[in-house]
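Structure assessment
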Protein chains: 2
Amino acid sequence: MEEIRKDNTEEKILEAARTVFTKKGMDGARMQEIADEAGINKALLHYYFRSKQKLFEAIFSHVFKQIFPDIRSFIQAQKPIEEKIKIFSARYMELLMLNPYLPAFLLRELQRDPEFLASVIKSQGVNPGELLTMLKAEMGSGQIKNMDPRELLINLLSLIIFPVAAGPLLQIMFFGDDPDAYNEFLTRRKETIATFILHSILVK
Amino acid sequence: MEEIRKDNTEEKILEAARTVFTKKGMDGARMQEIADEAGINKALLHYYFRSKQKLFEAIFSHVFKQIFPDIRSFIQAQKPIEEKIKIFSARYMELLMLNPYLPAFLLRELQRDPEFLASVIKSQGVNPGELLTMLKAEMGSGQIKNMDPRELLINLLSLIIFPVAAGPLLQIMFFGDDPDAYNEFLTRRKETIATFILHSILVK
DNA sequence: GTCTATATGGCGATAGAC
DNA sequence: GTCTATCGCCATATAGAC
């Protein structure tokens, strides 16, 4: 259910703020730069959003919603666990490759203001419980090895998110600073991550 | 080979700057806060390090050296690959658990100024080539499955680094915001990461 | 709603006494 | 080497015309 981005000023501000904040972070972003990006002036930013903090919070909540999307749309309940993990990896990698700044942005800001993070989590009702219950059920039915489902989920998230978050570094160190080569590597991972995980958890 | 931290002013500044910079980042850090942490005044910071930028660069280089430590001290050449991976995981996790701010700090700053990052990498002569060659040799001798050694290494780093970098978030979402529970989880990973990896790559 | 002009505060950096 | 006092700039935020 995609929101329709209207061509009004508020939407232009939100899009500009998203661009600048995710790249520079709260501390590094400048209201002037956001205004330039939106093609307006600083005063108008304060007219629509009272302060930089308020504007940031709007962006953060939106980004958070995006990076913790509705899990049910990823994982259809009737498919076998192999399929679920394959689909989840591929879709999530695609999402991050389209928004490569998001992971590092989130990691940065959750360290800067953990209390605000906690409030966002609460207000948005993120419930990993459902996902963990599904994994536990798969373990109970003998499809995959018995383990702490949190560990499995965190392993999966690590393999997907870290290579994007650390992209600039890994690209330089392992791929001769060639963006195309690194993007190909990330694209391959859409499949290899699932393979890698499944080799570890499938009951032989 | 640990440097002896002398009790002189320069060392006090470096330690204070490290504390503040790794927690707040370059943009969020304040010279006043560093001075307070060091028990001196702002002017003295500029006396020892000309500018905030210079002080930051000193800290960044030091931290970078720490997080890309001499690999040879981790991995003794005569041991089997299973042992090498176990030792590497455990030692690296210990290092990060003692310095939980480092991963997020590095991820933040490498995005802020990729060119400075590249210059640090060059000047410090980081050579993952040696490590990749070792992995490739293990594959050639049939110990582990044939794959892109970069993929294996990046998977290993992902599983180690991400859970620390995203610690504050994962702790809230999966561990009832209990720091002790989360630390126990990380401690368990010192072993489970190696197990997880080895299940995927060992030739049966 | 949108703009220009300006107030207000904070921060990096320096001057200069000791 | 270490301090106090201060400069000068820049960023957020507001006042007020249109």
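Scroll up for the structure.
Quick summary incoming for the structure in this document.

1. Topic: the overall build of chain A
Scanning chain A from terminus to terminus reveals 12 helices and 0 strands. Helices and strands in chain A line up, N terminus first, as α-α-α-α-α-α-α-α-α-α-α-α. On the principal axes, the C-alpha backbone points of chain A span a range of 65 × 45 × 30 Å. A buried classification covers 49% of the 204 residues belonging to chain A.

2. Looking at the protein's contact with DNA strand C
In the vicinity of DNA strand C there are 15 residues, among which Thr 9, Asn 41 and Tyr 48 of chain A together with Met 31 and Lys 52 of chain B approach most closely. Sugar plus phosphate, as a fraction of atoms of DNA strand C within 4 Å of the protein: 62%. Thr 9 of chain A places a polar side-chain atom, nitrogen or oxygen, 3.0 Å from a phosphate oxygen of DNA strand C. At 3.1 Å, a backbone N or O of Met 31 of chain B approaches a phosphate oxygen of DNA strand C. Every element with two or more residues in the surface near DNA strand C is listed here: α3 (42-48) of chain A together with α3 (42-48) of chain B. When its residues are assigned to classes, the surface near DNA strand C shows 8 nonpolar, 4 polar and 3 charged.

3. Here we look at helix α6 (residues 81-98) of chain A
Helical geometry note: an α-helix holds 3.6 residues per turn, so side chains three or four residues apart project in the same direction. All names here are of chain A. The end-to-end C-alpha distance of α6 is 26 Å, a good match for the 26 Å that 18 residues give at a rise of 1.5 Å each. Of all the positions in α6, only Ile 81, Lys 84, Ile 85, Ile 87, Phe 88, Ser 89, Tyr 92, Met 93, Leu 95 and Leu 96 are classed as buried. The inward-facing, buried residues of α6 contact α4 (52-67), α5 (71-74), α7 (102-112), α9 (128-140), α10 (149-165) and α12 (179-201).

4. Some words on the packing of α10 of chain A against α12 of chain A
All names here are of chain A. In the contact formed by α10 and α12, the axes pass within 10 Å of each other and the chain directions differ by 165 degrees. Put simply, α10 runs roughly antiparallel to α12. The two elements α10 and α12 cross, and the hand of that crossing is right-handed. Note on element contacts: α12 touches α10 through Tyr 182, Leu 186, Arg 189, Ile 193, Phe 196, Ile 197 and Ile 201, opposite Leu 152, Asn 155, Leu 156, Leu 159, Ile 160, Pro 163 and Val 164. Across the contact of α10 with α12, the residue classes tally to 12 nonpolar, 1 polar and 1 charged.

Cut-offs and rules
Residues numbered from 1 in each chain as written. Chains lettered and ligands numbered in written order. Predicted model: local features only at pLDDT ≥ 70, side-chain atom pairs only at ≥ 80, totals over all residues. Heavy atoms only, no water. Helix = DSSP H or I, 4+ residues; strand = E, 2+ residues; numbered from the N terminus. Buried < 20%, exposed > 50% of the residue type's maximum accessible area, 1.4 Å probe, protein only. Near = heavy atom within 4 Å. Polar contact = N/O pair within 3.5 Å; in protein donor to acceptor, adjacent residues only side chain to side chain. Nonpolar A, V, L, I, M, F, W, Y, C, P; charged D, E, K, R; others polar. Expected span 1.5 Å × (residues − 1). Contact = heavy atoms within 4.5 Å. Axes fitted to C-alpha atoms, helices over the stretch in contact; angles between N-to-C directions. Parallel < 35°, antiparallel > 145°, perpendicular 65-115°, else oblique. Left-handed = near helix turned anticlockwise from the far one by under 90°.

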